[in-house]
Amino acid sequence: MSRVMGGGGELPAPYWDEARRGLAEADPALGRLIARAGESMLRPRHDPFFSLSRSIVGQQISVKAAESVWQKMLGRLGEISPVAVGGQDVDSLRQCGLSRQKAAYLLSLAGHFLNGSLQQEKWHEMDDEAVIERLVQVKGIGRWTAEMFLIFHLLRPDVLPVDDIGIQKAIANHFNDGVRPKAKEMIAIAEAWRPWRSVASWYLWRSLDAVPVEY
């Protein structure tokens, strides 16, 4: 669940202002969250390895814990790239605070980039489900990680990550009387947010954490 969205100095998602206006008009409650968040917005890095490796690091741990691990990796490796990660082994990556399983996942991911199997994919020509189907074939990447890739790297505007604990918590807090919703309930609540559910998700994350999310 690690997040920090908005770094890298890149141009923001081109649809952001339109999405923000549309969401505020469609759902006043969400509009209040948007207003509270100010002018910050998603700014992509255009680095698929960054997006996927950052998501793997953030799986099932807190924002603070994931950031700590990430900074230790940067300190040890100098950069987070397929070559830098691929030059390590499980034990050395574990010294950054990664579990043995996540260290193995990162090494597997680096291998896919180094052999070109992921670099050659024409992601922007694939629909959302095709991207997910391709990515989950990689060890350590499940649907949630693939959805982060869709939102943060490919800038797909209408992704609702129903398995994200933060999204569940934010919807409970603001739209469901504090009760953690099931996936079907989340989808029903989010129907009004189409075709901008990725943007709505970002503002839901922001409602929980003042630090913008980045994958």
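See above for the structure.
Before going into details, it helps to say that this report is about the structure given with it.

Conventions we followed
Residues numbered from 1 in each chain as written. Predicted model: local features only at pLDDT ≥ 70, side-chain atom pairs only at ≥ 80, totals over all residues. Heavy atoms only, no water. Axes fitted to C-alpha atoms, helices over the stretch in contact; angles between N-to-C directions. Helix = DSSP H or I, 4+ residues; strand = E, 2+ residues; numbered from the N terminus. Parallel < 35°, antiparallel > 145°, perpendicular 65-115°, else oblique. Left-handed = near helix turned anticlockwise from the far one by under 90°. Contact = heavy atoms within 4.5 Å. Salt bridge = Lys/Arg side-chain N within 4 Å of Asp/Glu carboxyl O. Core = buried A, V, L, I, M, F, W, Y, C linked by side-chain atoms within 4.5 Å. Buried < 20%, exposed > 50% of the residue type's maximum accessible area, 1.4 Å probe, protein only. 1 Å grid on protein atoms, 1.4 Å probe; cavity = no way out; pocket = protein on both sides within 12 Å on 5 of 7 lines; lining within 4 Å. Points joined across faces, edges and corners; volume = space filled by probe spheres on them. Nonpolar A, V, L, I, M, F, W, Y, C, P; charged D, E, K, R; others polar. Phe/Tyr/Trp six-rings, centres within 6.5 Å; stacked < 30°, edge-to-face > 60°.

1. As for the packing of helix 2 (residues 28-37) against helix 12 (residues 197-208)
Relative to each other, helix 2 and helix 12 sit at 65 degrees, their axes nearing to 9 Å. The orientation of helix 2 with respect to helix 12, classified from their angle, is roughly perpendicular. Our pair here, helix 2 against helix 12, has a crossing hand that is left-handed. Counting all contacts with helix 2, which are made through Leu30, Leu33, Ile34 and Ala37, the residues of helix 12 involved are Ala200, Tyr203, Leu204, Arg206 and Ser207.

2. Digging into the pattern of salt bridges
Enumeration over the complete set of coordinates arrives at 10 salt bridges. With a shortest N-O distance of 2.6 Å, arginine 54 and glutamate 67 are connected by a salt bridge. Here arginine 54 is found in helix 3 (residues 48-57), whereas its partner glutamate 67 is found in helix 4 (residues 63-77), with 13 residues between them in sequence. One salt bridge connects glutamate 129 with arginine 143, and the closest N-O pair in it is separated by 2.7 Å. Linking glutamate 129 in helix 8 (residues 128-135) with arginine 143 in helix 9 (residues 143-152), this pair joins segments that are 14 residues apart in sequence.

3. Notes on the nonpolar core
Soluble, globular proteins show a tendency: their nonpolar side chains are buried together. Trp16, Leu30, Met73, Leu109, Leu135, Trp193 and Leu204 are the most contacted members of the largest nonpolar core, which totals 69 residues. Residues contacting leucine 30, with those up to four places away along its chain left out, are Leu23, Phe175, Trp193, Ala200 and Leu204.

4. Observations regarding the layout of surface pockets
Estimated volume of the second largest pocket: approximately 170 Å³. Broken down by secondary-structure element, the contributors of at least two residues to the lining of the second largest pocket are helix 8 and helix 9. In the lining of the second largest pocket, the residues fall into 6 nonpolar, no polar and 6 charged.

5. Regarding the packing of aromatic side chains
In the structure shown here, the tally under the stated rule is 12 aromatic pairs. Aromatic side chains tryptophan 144 and tyrosine 215 sit 5.7 Å apart centroid to centroid with 90 degrees between the ring planes, which places their arrangement in the edge-to-face category. Here the residue tryptophan 144 occupies a position in helix 9, and tyrosine 215 occupies one in the segment after helix 12, the gap between them amounting to 71 residues. When sorted by exposure, tryptophan 144 lands in the same class as tyrosine 215, which is buried.

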